[in-house]
Structures are given as C-alpha cells and as structure tokens.
Amino acid sequence: MANGTLRIAATADLHYGKHSRGKMQEAFTEISGNADVLLLCGDLTEYGLPEEAEELAADIRSAVKIPCIGVIGNHDYESGHPETVANILDQTGVIMLNGEAIEIAGVGFAGISGFGGGFGRRVRNALGDPL
C-alpha cells in the first residue's frame, strides 16, 4: 500500500485450459509489482476441470506475491466440480469467496459466484452453472 492508497488489479475470464501453464505468469509478476491486491473475477478455467485449476494454481504460486481474492464463474461450473476448482485455488493462497466478505487494508471485498442470466421468459440457458 503506497501513501494510504490500496492499488487493486482485477481480471476475469482467464479460461485456463489443460495446457495454459505460463499463460499469465508475466502479467501476474507485473501485477504483483504494481498492485496491492489481485481480484480474479470468474471464468478462471475453460471447463471447470481440476487439471485446469492446477495449471492456474501453478502460475499463481510462482508469480503472485500479493493477496489474491477470487470467485468462481459459470465456466468453472461446467464439469460439475466448482468446489474442487475453488479448493485448489484456495490451497494456493487465493481467498475464494462465495457469499463471504474479507477486509484488506480497510477495504471490504464481497464475492459471490453468479451469472447474469436474466429473469422470467428472458432467462438464458445455463452456461455451466445451474439456473
């Protein structure tokens, strides 16, 4: 934290696949040097496979040196293992939120997994996550 200012970096839709290791490593290193906290805002994996989460976890372990907060997105539900994906990232040190909140340097962060699917007859079909 510089001069009482919390610098926040946020990204979403990383869509890590089974062979994505290294994809974000350079960006994560740069972010760690220029921000105080990193937010991972859903669709962290391509199909919600544990192997995909492991690829992302490896890059986070090697490059992210600041607090990291994440939420699961609809793609992370696709294979039916969103809890496993969240657990893998949580074990890496990512604070995975799903209805919880956390405070860092006096700033509150609340997170919930969700999908903007609309209402009534305009509701979209599920894209991995249940309606």
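From a predicted model like this one, the values you see are computed outputs, not experimental measurements.

Enquirer: Outline the side chain of Glu52, listing residues and values.
Expert: With respect to the helices and strands, the residue Glu52 is situated in helix α2 (residues 50-63). Buried charge Glu52 goes without a salt bridge, the closest partner of opposite sign being Lys18 at 6.6 Å. Looking at Glu52, its side chain comes within polar contact range of the main-chain nitrogen of Glu46, at 3.4 Å.

Enquirer: An account of the nonpolar core is needed here, citing residue identities and associated values.
Expert: Residues Leu14, Phe28, Leu38, Leu40, Leu56, Ile60 and Leu89 are the most contacted members of the largest nonpolar core, which totals 25 residues. Within the residue set of this core, elements represented by two or more residues are α1 (25-34), β2 (37-41), α2 and α3 (82-92). Examining the composition of this core, we find that 5 residues originate from one element, α2, more than from any other. Listed in part, the 8 residues of the second largest apolar core include Leu6, Ile69, Val71 and Leu97.

Enquirer: So what's going on with the pairing of strand β5 (residues 100-104)? Residues and values would help.
Expert: Looking at chain direction, β5 and strand β6 (residues 107-111) are connected through 5 bridges and run antiparallel. Within the sheet, the bridge partner assigned to Glu100 lies in β6 and is Gly111. Hairpin connection between β5 and β6: a loop of 2 residues separates the two successive antiparallel strands, and Ala105 in this loop has a positive phi of roughly 50 degrees.

Enquirer: Explain the packing of α1 against α2 to me, and be specific about the residues and the numbers.
Expert: For the pair α1 and α2, the least separation of the axes is 9 Å and the interaxial angle reads 35 degrees. Handedness of the crossing formed by α1 with α2: right-handed. Only Leu56, Asp59, Ile60, Ser62 and Ala63 of α2 make contact with α1, whose side of the interface consists of Gln25, Phe28, Thr29 and Ser32. Classifying every residue of the contact of α1 with α2 gives 4 nonpolar, 4 polar and 1 charged.

Enquirer: Outline the sheet that holds strand β4 (residues 95-96), supporting the account with residue identities and numerical values.
Expert: Overall, parallel pairing links the 4 strands, which are arranged β1-β2-β3-β4 in an open sheet. Sheet topology places β1 (8-11) and β4 at the edges, where each strand pairs with a single neighbour. Direction of pairing for β1 relative to β2: parallel, over a ladder of 4 bridges. When the bridges of β2 are listed, Ala10 appears paired with Leu39.

Enquirer: Explain the state of the cysteines to me, using residue names and the numbers behind them.
Expert: This structure, assessed with the given rule, holds 0 disulfides. Cys68 supplies the cysteine sulfur nearest to Cys41, a cysteine that is in no disulfide, at a spacing of 9.5 Å. Residue class for Cys41 comes out partly exposed when judged on its relative accessible area of 38%. Overall, Cys68 belongs to the buried group, its relative accessible area being 3%.

Enquirer: An account of α2 is needed here, citing residue identities and associated values.
Expert: Between its first and last C-alpha atoms α2 spans 20 Å; for 14 residues at 1.5 Å apiece the expected length is 20 Å, and the two agree. Residues of α2 that are buried include every one of Glu52, Ala53, Glu55, Leu56, Ala57, Ala58, Asp59, Ile60 and Ala63, and no others.

Enquirer: An account of the environment of Ile31 is requested, with residue identities and associated values reported.
Expert: In this fold, Ile31 is placed in helix α1. Between the C-alpha atoms of Ile31 and Ala10, which are 21 residues apart in sequence, the distance is 9.4 Å. Sequence-distant contacts of Ile31, that is, excluding residues within four places in its chain, are made with Ala9, Leu38 and Ile66.

About the criteria used
Residues numbered from 1 in each chain as written. Predicted model: local features only at pLDDT ≥ 70, side-chain atom pairs only at ≥ 80, totals over all residues. Heavy atoms only, no water. Helix = DSSP H or I, 4+ residues; strand = E, 2+ residues; numbered from the N terminus. Buried < 20%, exposed > 50% of the residue type's maximum accessible area, 1.4 Å probe, protein only. Lys, Arg positive; Asp, Glu negative; His and termini not counted. Salt bridge = Lys/Arg side-chain N within 4 Å of Asp/Glu carboxyl O. Polar contact = N/O pair within 3.5 Å; in protein donor to acceptor, adjacent residues only side chain to side chain. Core = buried A, V, L, I, M, F, W, Y, C linked by side-chain atoms within 4.5 Å. Pairing = 2+ DSSP bridges. Axes fitted to C-alpha atoms, helices over the stretch in contact; angles between N-to-C directions. Left-handed = near helix turned anticlockwise from the far one by under 90°. Contact = heavy atoms within 4.5 Å. Nonpolar A, V, L, I, M, F, W, Y, C, P; charged D, E, K, R; others polar. Disulfide = S-S within 2.5 Å. Expected span 1.5 Å × (residues − 1).

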